[in-house]
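# Observations on the model geometry
Chain by chain, the residues run as shown.
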Amino acid sequence: MNESMDNIIEIDFLSEIKLEGDTEIKMGMEVVYSQEFLPTFETIPEGASVPKVEKAEFNGKSDSLFFNDGVRRIDFVLVYEDEDMKEIDKNRTFQKRKQRREYFEASLMKMGMELEAARSVVDEKLLFVKVHMPWDMLCTYAEVLHIKLPIQPNDLSTTSSPFNFLSCITRHFYPSEDLIAKETEYFTAPFEKDRLEYFYVKDRDLFFTPSMRSRMAYYILSRAPYEVRGNIKKFGVTKLLDGGVYKAAYPLHDCRFNVRSKEEECPNERYLLYNEWAHPKSFYKMQPLDLIRKYYGEKIGIYFAWLGFYTAMLALAAIVGLGCFIYGYTTQETSTWSKEVCDPLIGGNIVMCPQCDKECTYWRLNSTCESSKKLCIFDNYGTLVFAVFMAIWVTVFLEFWKRYQAELEYEWDTVEFLEQEEQPRPEYEAKCNHERINPVTRVKEKVPYTACGRCIRVSLGIGTVLFWIVLILASVVAIIVYRLAIFFSFSTRLQSDLKELEPFKEYVTAQMATSVTASIISFVVIMVLNILYERVAIWITDFELPRTKTDYENSLTLKMFLFQFVNYYSSCFYIAFAKGKVVGYPGQPVYLLGKYRNEECDPGGCLIELTTQLTVIMGGKAIWNNIQEVLLPWMKNLIFRYCTRVGSEKVIPRWEQDYQLQPIGKLGLFYEYLEMVIQFGFVTLFVASFPLAPVLALVNNLFEIRVDAWKIITQFRRVAILAVASNAMIIAFTSDMIPRLVYYWSFSVYPYGDHSSHTMQGYINNTLSVFDIQDFSNKSRPLQTPYWFNNSTTCRYRDFRYPPGHHRQYEYSIYYWHVIAAKMAFIIVVEHIVYLTKFVLSYVIPDVPYTVREQIKREKYLSQVILHETNLKLVTKRLKPVADKILKHNEDKEEEIMDLYF
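Nothing here was measured: the structure is a model prediction, and the numbers come from that model. (Residues numbered from 1 in each chain as written. Predicted model: local features only at pLDDT ≥ 70, side-chain atom pairs only at ≥ 80, totals over all residues. Heavy atoms only, no water.)

Here the focus is the overall build of the protein chain. For the protein chain, the count of helices and strands is 26 helices and 21 strands. Counting every position in the protein chain, which comprises 902 residues, the buried fraction comes to 49%. Within the structure as shown, the protein chain displays about 45,400 Å² of accessible surface, and the carbon and sulfur contribution to it stands at 59%. (Helix = DSSP H or I, 4+ residues; strand = E, 2+ residues; numbered from the N terminus. Buried < 20%, exposed > 50% of the residue type's maximum accessible area, 1.4 Å probe, protein only. Areas by Shrake-Rupley, 256 points an atom, 1.4 Å probe, with all protein chains shown as cover.)

Structure (structure tokens):
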């Protein structure tokens, strides 16, 4: 460009260079949006002169949150690299970026925003554009976004807690009230510009919180156009970020996290949050939820509220689960069935059939003595009680959370958020080129697709999700094949390979080695599929083009949860409900894919394998998440600061300090929520097999709260955003608890048993069926026999079948049908207990507390009073001229009559 164009440029709409990710909208009218969406928007005509942003030198105040004049607050910051200072040749792409940026900034200024640019102190190529929203603009968009603001202080008396006498102790577990004062409670109403006098405005500068201001600024930035070409408009800062026009866009932190601001009026909220919430020394303190919500907004506030509530509720489950584990650990040596397995006269004399074809050989039952003891830790009567307890715990958790959520929704002004009040996403508005009749208003409106187009988009999304779910199931089958193949290998070679490791030889069995290695491989596959699917799910959701941000998040959540549910839990469901269930018997085994013999469970059951799988997945997932969420951002920031380090004499402004932090993802806390939902599934769905799951989840969450707090406070820029039946089935189908109870109450005494009273003695012998080794097929017959086998003619296997010589040999015995009936009865009883508990708790515990209901009624009443008074004033104002005219007309008539009379 020549020198005459230093201050203004002429946009060349003919030299189009398509940048990736452009958002376009065809214009049938002059404006992009209706007045409801961008009431201050005015189109800059095509080819018009576009003013540049005024540049200002940094004034040396490193903690300042204002323009150089010290009056206008910075609501948002845009960062770009000056094309004129690039060392490479200025090509058309860079010139196009410059034109788009300057048109975008001109559009913002025309809409009423105030901008000021400052060059970087660290890197001269970088420029920071500071954005300020004047009062009038704030009022306009607060009304557009239906932001609820105070109308008067809450005048309802609060009921005192019955536990106030403990305040001298409990106050040490709360943030210091001297530092974080309790927020004043207000009645609120959706803001309306015309009724400003009815709102509680003590200070205009503080009326809109920084999180509200940044939310409104981002709303405008995401809808302002950056190019007009013919009947097409392109808009949105998101697309400019994707296209490299801007390098970053973010609101400012109010100060450094570890040093108070030097500015007198700075509230230092980030510093307070770090010291009273994110700092390790405050790990025992309750979270300052009101300050979190005030600083970061409702979405982040509600996440930490939910995480804190969930963690507190986990404490009770963890105590009971730990008690169940301790009970199992202390009774493993005295358990009747484990003693029978380990007894040389019982388990030592029971010869078990080979578990694979040809290469596997006979083995003694007491070789599984150690695994039998370990199984007793998790599979005992305490597990039965704990499974029922967890079924009730889930119901209690959900009921109390609904109650707590109602309180937060009222206190944080999200109780009356309606779907129709949420504005469409810019990406949705960009594609609105089809007309339809709105079913509610019966007027024409623009939509991005026809009914047929929407059907195609949704069908493609469903098809993609189903394809990936089938891919997961295929990976599960592949791991099952691995288990079958590696078990065969371990069975033939493991013991000989471990001769030198004599102390560990008795613990490392083929079954255990197969289970551990398969669990690790399964975890690796799960994480790889997660990484790949995340990209696909986001792409499909973008293609579906949901209307609002909530619709987008709901659609993505459904896809991610369906996928991750199958991905994380499919291997656990296989071990719990499929493994060892369809194996046939030694003379007629069942084969997978016609080649691999289905694997059997340990004589004590598959529960210990399910425990191993859960331990590997839960532990591995926690480690991976901490590396991904904490270590990587910290290392990126460290490397960035090292690469951009400057001399200690240079003062770096607030906006540049924040630029050195990591940007938070586009989906915000979506993955944090998803992580907790998956954990909740592990805690509730499979806890019967692993009583320590709530303990591990509790420890993880105690760290998660502080780690997430530390992460968003210190490592990230400020954001601008707003199982029951499975446990019964595990006890019934995976645990040996039901067969034990059936034996104890029915088969240990007459007419099935020989004991005079109910006992567990003889349980092991009773639950192992007999097989005649002459009935082996040539395909299954073992090639070798151990030296101690002698002249045995039978072996035992885990099942309930009639012995050889019986007229129904190898068919299911009466014991089998008793066990099946008991399992079904157990599931039905537990299910009814849970539903009865849920019904009683739902009746006893109201979803909305009484005090909150009263406050909501009071707030609605005040809103109606304001509305009535405003309408009354409006009618009076409009009728006053008419009334004055009538009165004047009557006075004139009276004067005429008086003149005629006299």
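Listed under "transmembrane region" (unreviewed entry) in the UniProt record, and renumbered for this structure, are residues 303-329, 381-401, 465-490, 510-533, 556-577, 676-699, 719-738 and 814-836. Across residues 381-401 one finds 100% helix and 0% strand; the C-alpha atoms that close the span lie 30 Å apart. Segment residues 676-699 splits into 71% helix and 0% strand. End C-alpha atoms: 13 Å apart. (UniProt positions renumbered as here; feature names shortened; annotations may be inferred.)

A complete count under the given rule lists three disulfides for this structure. A sulfur-sulfur distance of 1.5 Å marks the disulfide that ties Cys-356 to Cys-360. Disulfide Cys-356 to Cys-360: torsion about the S-S bond roughly 95°, handedness right-handed. A relative accessible area of 6% places Cys-356 in the buried class. Judged by its relative accessible area of 5%, Cys-360 falls in the buried class. In this structure Cys-455 is not part of a disulfide, and its nearest cysteine sulfur, from Cys-452, lies 6.6 Å away. Classification of Cys-455 as partly exposed rests on a relative accessible area of 48%. (Disulfide = S-S within 2.5 Å.)

Together, Glu-183, Glu-185, Asp-290 and Glu-411 line one region of the surface with negative charge. Accessibility expressed as a relative area gives 41% for Glu-411, which makes it partly exposed. (Patch = residues over 30% accessible without salt bridge, like charges linked within 9 Å, V, L, I, M, F, W, Y side chains within 5 Å. Salt bridge = Lys/Arg side-chain N within 4 Å of Asp/Glu carboxyl O. Lys, Arg positive; Asp, Glu negative; His and termini not counted. Charge placed at Lys NZ, Arg CZ, Asp CG, Glu CD.)

With that settled, the discussion passes to the sheet that holds strand β5 (residues 114-119). Sheets are built from strands that pair by backbone hydrogen bonding, the pairs being arranged parallel or antiparallel. Spatial ordering of the open sheet is given by β5-β6-β4-β11, a layout of four strands whose pairing is antiparallel. In this open sheet, the two edge strands, each paired with only one partner strand, are β5 and β11 (248-250). In this sheet, adjacent strand axes meet at a mean angle of 20° when their direction is disregarded. Two strands pair when backbone bridges link them, and strand β4 (residues 76-81) and β11 are joined in this way by three bridges, in the antiparallel orientation. Paired with Val-79 across the bridge in β11 is Ala-248. Helix-sheet contacts for helix α1 (residues 92-111) involve β4, β5 and β6 (126-132), and the interaxial angle to β4 is about 160°. Helix α5 (residues 210-221) contacts β4 and β6 of the sheet and is inclined by roughly 45° relative to β4. (Pairing = 2+ DSSP bridges. Axes fitted to C-alpha atoms, helices over the stretch in contact; angles between N-to-C directions. Contact = heavy atoms within 4.5 Å.)

In a regular helix each residue adds 1.5 Å, so 12 residues correspond to 16 Å; α5 covers 16 Å between its end C-alpha atoms and thus fits that length. Counting buried positions along α5 gives nine out of 12 residues, so the element sits mostly inside the fold. Inspection of α5 places Ser-211, Met-212, Arg-213, Ser-214, Met-216, Ala-217, Tyr-219, Ile-220 and Leu-221 among the buried residues, and these make up the whole buried set. (Expected span 1.5 Å × (residues − 1).)

Glancing now at the packing of helix α9 (residues 298-331) against helix α12 (residues 381-411). To describe two helices that pack against each other, one gives the angle between their axes and the distance between the axes. Running from N to C, α9 and α12 point in directions that differ by 165°, and their axes come no closer than 10 Å. Taken together, α9 and α12 sit at an angle that is classed as roughly antiparallel. The hand of the α9/α12 crossing is right-handed. Its residues assigned to classes, the contact of α9 with α12 shows 23 nonpolar, three polar and no charged. (Parallel < 35°, antiparallel > 145°, perpendicular 65-115°, else oblique. Left-handed = near helix turned anticlockwise from the far one by under 90°. Nonpolar A, V, L, I, M, F, W, Y, C, P; charged D, E, K, R; others polar.)

What follows covers the nonpolar core. Counting residues in hydrophobic clusters, the biggest one holds 93 residues, and the most contacted among them are Trp-277, Tyr-310, Trp-393 and Phe-682. Broken down by element, the residue count for this core peaks at 13 residues, all from α9. Once you skip the residues sitting within four places of it in the chain, Trp-277 turns out to touch Leu-272, Ser-282, Gln-287, Pro-288, Ile-292, Phe-304, Ile-705, Arg-706, Ala-709, Ile-712 and Ile-713. Judged by nonpolar contacts, the second largest core, of 48 residues, contains Leu-38, Tyr-219, Leu-221 and Ala-224. (Core = buried A, V, L, I, M, F, W, Y, C linked by side-chain atoms within 4.5 Å.)

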